[in-house]
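The lines below spell out each chain.
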Amino acid sequence: MSFGETPITIIGNLTADPELKFTDNGSALAKFTVASTPRTFDKDSGQWRDGTSTFFRCAAWRSLAEHVTESLTKGSRVVISGRIRQHNWQTPEGENRSMLAVEVDEIGASLRFTTVTINGKRTNSGAGGAADDAWATDGNAAKPPF
(Lines give C-alpha, C1' and ligand atoms only; values in the text may rest on other atoms or scores of the structure.)
Protein backbone atom coordinates (compact mmCIF):
# COMPACT_ATOMS: atom_id res chain seq x y z
CA MET A 1 0.00 0.00 0.00
CA SER A 2 1.31 3.43 -0.87
CA PHE A 3 1.37 6.51 1.32
CA GLY A 4 -1.89 8.44 1.17
CA GLU A 5 -4.10 5.53 0.16
CA THR A 6 -7.27 4.92 2.14
CA PRO A 7 -7.30 1.37 3.58
CA ILE A 8 -10.60 -0.30 4.36
CA THR A 9 -11.79 -3.57 5.88
CA ILE A 10 -15.30 -4.73 5.00
CA ILE A 11 -17.34 -7.61 6.38
CA GLY A 12 -20.47 -8.41 4.41
CA ASN A 13 -22.22 -10.62 1.89
CA LEU A 14 -21.85 -10.85 -1.88
CA THR A 15 -25.00 -9.55 -3.57
CA ALA A 16 -24.44 -11.67 -6.71
CA ASP A 17 -21.92 -14.12 -8.14
CA PRO A 18 -18.61 -12.37 -8.98
CA GLU A 19 -18.14 -11.52 -12.66
CA LEU A 20 -14.82 -12.54 -14.24
CA LYS A 21 -13.55 -10.51 -17.19
CA PHE A 22 -10.19 -10.17 -18.91
CA THR A 23 -8.56 -6.91 -19.98
CA ASP A 24 -7.14 -6.42 -23.47
CA ASN A 25 -3.69 -7.43 -22.15
CA GLY A 26 -5.10 -10.63 -20.60
CA SER A 27 -5.26 -9.61 -16.92
CA ALA A 28 -8.11 -11.22 -15.00
CA LEU A 29 -10.56 -8.87 -13.26
CA ALA A 30 -13.33 -9.94 -10.90
CA LYS A 31 -16.06 -7.42 -10.14
CA PHE A 32 -18.58 -7.91 -7.35
CA THR A 33 -20.63 -6.01 -4.79
CA VAL A 34 -20.59 -6.59 -1.04
CA ALA A 35 -23.45 -5.49 1.22
CA SER A 36 -22.51 -4.67 4.80
CA THR A 37 -25.42 -4.39 7.21
CA PRO A 38 -24.97 -3.39 10.85
CA ARG A 39 -27.07 -5.25 13.43
CA THR A 40 -28.00 -4.00 16.87
CA PHE A 41 -29.81 -5.70 19.71
CA ASP A 42 -33.04 -3.99 20.76
CA LYS A 43 -33.34 -4.60 24.51
CA ASP A 44 -37.00 -3.53 24.57
CA SER A 45 -38.14 -6.12 22.01
CA GLY A 46 -35.40 -8.66 22.75
CA GLN A 47 -34.65 -8.96 19.03
CA TRP A 48 -31.86 -8.10 16.64
CA ARG A 49 -32.54 -5.27 14.20
CA ASP A 50 -30.83 -4.68 10.87
CA GLY A 51 -29.57 -1.18 10.13
CA THR A 52 -29.16 0.43 6.73
CA SER A 53 -27.04 -1.61 4.33
CA THR A 54 -24.01 -0.06 2.65
CA PHE A 55 -23.07 -1.48 -0.75
CA PHE A 56 -19.43 -1.58 -1.85
CA ARG A 57 -18.43 -2.17 -5.46
CA CYS A 58 -15.22 -4.24 -5.43
CA ALA A 59 -12.55 -5.27 -7.91
CA ALA A 60 -9.93 -8.01 -7.58
CA TRP A 61 -7.13 -8.53 -10.09
CA ARG A 62 -5.08 -11.36 -11.61
CA SER A 63 -4.95 -14.69 -9.72
CA LEU A 64 -6.99 -13.23 -6.85
CA ALA A 65 -9.75 -12.47 -9.36
CA GLU A 66 -9.76 -16.06 -10.59
CA HIS A 67 -9.75 -17.44 -7.03
CA VAL A 68 -12.69 -15.18 -6.07
CA THR A 69 -14.83 -16.36 -8.99
CA GLU A 70 -13.93 -20.03 -8.39
CA SER A 71 -14.58 -19.88 -4.64
CA LEU A 72 -17.36 -17.40 -3.83
CA THR A 73 -21.00 -17.10 -4.82
CA LYS A 74 -23.99 -14.88 -4.13
CA GLY A 75 -24.64 -14.69 -0.39
CA SER A 76 -21.10 -15.68 0.64
CA ARG A 77 -20.08 -13.85 3.80
CA VAL A 78 -16.59 -12.38 3.29
CA VAL A 79 -13.91 -10.33 4.99
CA ILE A 80 -12.15 -7.94 2.63
CA SER A 81 -9.03 -5.84 3.05
CA GLY A 82 -8.36 -3.30 0.36
CA ARG A 83 -8.11 0.33 -0.69
CA ILE A 84 -10.72 2.87 -1.67
CA ARG A 85 -10.25 4.18 -5.20
CA GLN A 86 -12.10 6.95 -6.98
CA HIS A 87 -12.90 6.36 -10.64
CA ASN A 88 -13.76 9.29 -12.91
CA TRP A 89 -15.14 9.07 -16.44
CA GLN A 90 -17.23 10.89 -18.97
CA THR A 91 -20.47 9.54 -20.43
CA PRO A 92 -21.04 9.51 -24.21
CA GLU A 93 -23.26 12.56 -23.60
CA GLY A 94 -20.30 14.44 -22.08
CA GLU A 95 -21.41 14.26 -18.44
CA ASN A 96 -18.67 13.83 -15.84
CA ARG A 97 -19.22 10.92 -13.46
CA SER A 98 -17.31 9.43 -10.56
CA MET A 99 -17.68 6.57 -8.11
CA LEU A 100 -15.82 5.05 -5.21
CA ALA A 101 -14.82 1.39 -5.38
CA VAL A 102 -12.70 -0.99 -3.33
CA GLU A 103 -9.58 -2.46 -4.89
CA VAL A 104 -9.29 -5.78 -3.06
CA ASP A 105 -5.90 -6.84 -1.69
CA GLU A 106 -7.15 -9.82 0.37
CA ILE A 107 -10.48 -11.61 0.64
CA GLY A 108 -11.61 -14.62 2.56
CA ALA A 109 -14.75 -16.40 3.60
CA SER A 110 -15.99 -15.42 7.05
CA LEU A 111 -16.11 -18.41 9.39
CA ARG A 112 -18.48 -16.76 11.85
CA PHE A 113 -21.59 -18.53 10.56
CA THR A 114 -20.22 -21.35 8.39
CA THR A 115 -17.29 -23.63 7.75
CA VAL A 116 -15.16 -23.95 4.65
CA THR A 117 -12.75 -26.51 3.26
CA ILE A 118 -9.44 -25.30 1.89
CA ASN A 119 -8.32 -27.39 -1.07
CA GLY A 120 -4.64 -26.54 -0.65
CA LYS A 121 -4.26 -25.16 -4.17
CA ARG A 122 -1.36 -22.74 -4.26
CA THR A 123 0.13 -20.61 -6.95
CA ASN A 124 3.72 -19.47 -7.28
CA SER A 125 3.20 -15.76 -7.63
CA GLY A 126 6.51 -14.54 -6.24
CA ALA A 127 6.43 -12.75 -2.91
CA GLY A 128 4.00 -14.34 -0.52
CA GLY A 129 3.95 -17.63 -2.43
CA ALA A 130 4.42 -21.08 -0.93
CA ALA A 131 8.21 -20.69 -0.86
CA ASP A 132 7.80 -17.64 1.40
CA ASP A 133 5.24 -19.31 3.69
CA ALA A 134 6.78 -19.76 7.14
CA TRP A 135 3.98 -22.23 8.03
CA ALA A 136 4.52 -24.45 4.99
CA THR A 137 6.28 -27.70 5.80
CA ASP A 138 7.80 -30.49 3.80
CA GLY A 139 6.59 -33.05 6.33
CA ASN A 140 10.02 -33.29 7.98
CA ALA A 141 10.03 -29.95 9.78
CA ALA A 142 9.70 -29.74 13.55
CA LYS A 143 6.23 -29.00 14.88
CA PRO A 144 5.66 -25.55 16.34
CA PRO A 145 6.07 -25.33 20.14
CA PHE A 146 2.38 -24.81 20.91
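Given the structure is predicted, the values throughout are model-derived calculations rather than measurements.

About the criteria used
Residues numbered from 1 in each chain as written. Predicted model: local features only at pLDDT ≥ 70, side-chain atom pairs only at ≥ 80, totals over all residues. Heavy atoms only, no water. Phe/Tyr/Trp six-rings, centres within 6.5 Å; stacked < 30°, edge-to-face > 60°. Buried < 20%, exposed > 50% of the residue type's maximum accessible area, 1.4 Å probe, protein only. 1 Å grid on protein atoms, 1.4 Å probe; cavity = no way out; pocket = protein on both sides within 12 Å on 5 of 7 lines; lining within 4 Å. Points joined across faces, edges and corners; volume = space filled by probe spheres on them. Helix = DSSP H or I, 4+ residues; strand = E, 2+ residues; numbered from the N terminus. Nonpolar A, V, L, I, M, F, W, Y, C, P; charged D, E, K, R; others polar. Arc of directions from axis to C-beta. Pairing = 2+ DSSP bridges.

**Q** Lay out the packing of aromatic side chains in plain terms, naming residues and giving numbers.
**A** The final tally for this structure, using the stated rule, is one aromatic pair. An angle of 65° between the planes, with centres 5.3 Å apart, marks the rings of F41 and W48 as edge-to-face. For F41, a relative accessible area of 42% corresponds to the partly exposed category.

**Q** Go over the layout of surface pockets, please, and point to the residues and values.
**A** When its volume is computed, the second largest pocket comes out at roughly 300 Å³. Taken together, 13 residues line the second largest pocket, and the ones lying closest to its centre are T37, P38, R39, R77 and F113. When contributions to the lining of the second largest pocket are tallied by element, the ones reaching two or more residues are β1 (6–14), β3 (28–36) and β5 (47–50). It is β1 that provides the largest number of residues to the lining of the second largest pocket, a total of three residues. Of the residues assigned to the lining of the second largest pocket, the class counts are five nonpolar, four polar and four charged.

**Q** Go over helix α1 (residues 62–71), please, and point to the residues and values.
**A** By the burial criterion, the buried members of α1 are L64, A65 and V68. Along the axis of α1, the buried residues cluster in a sector spanning 105°; they form a single face. Exposed side of α1, more than 90 degrees from the buried face: R62, E70 and S71 are the residues found there.

**Q** An account of the pairing of strand β6 (residues 54–61) is requested, with residue identities and associated values reported.
**A** One face of the sheet, then the other: side chains in a regular strand alternate in exactly this way. The pairing of β3 with β6 spans eight bridges and is classified as antiparallel. By the bridge assignment for β6, A35 is matched with F55. In this structure, β6 lies alongside strand β8 (residues 96–109), joined through two bridges in parallel fashion. Paired with C58 across the strands is V102, a residue of β8.

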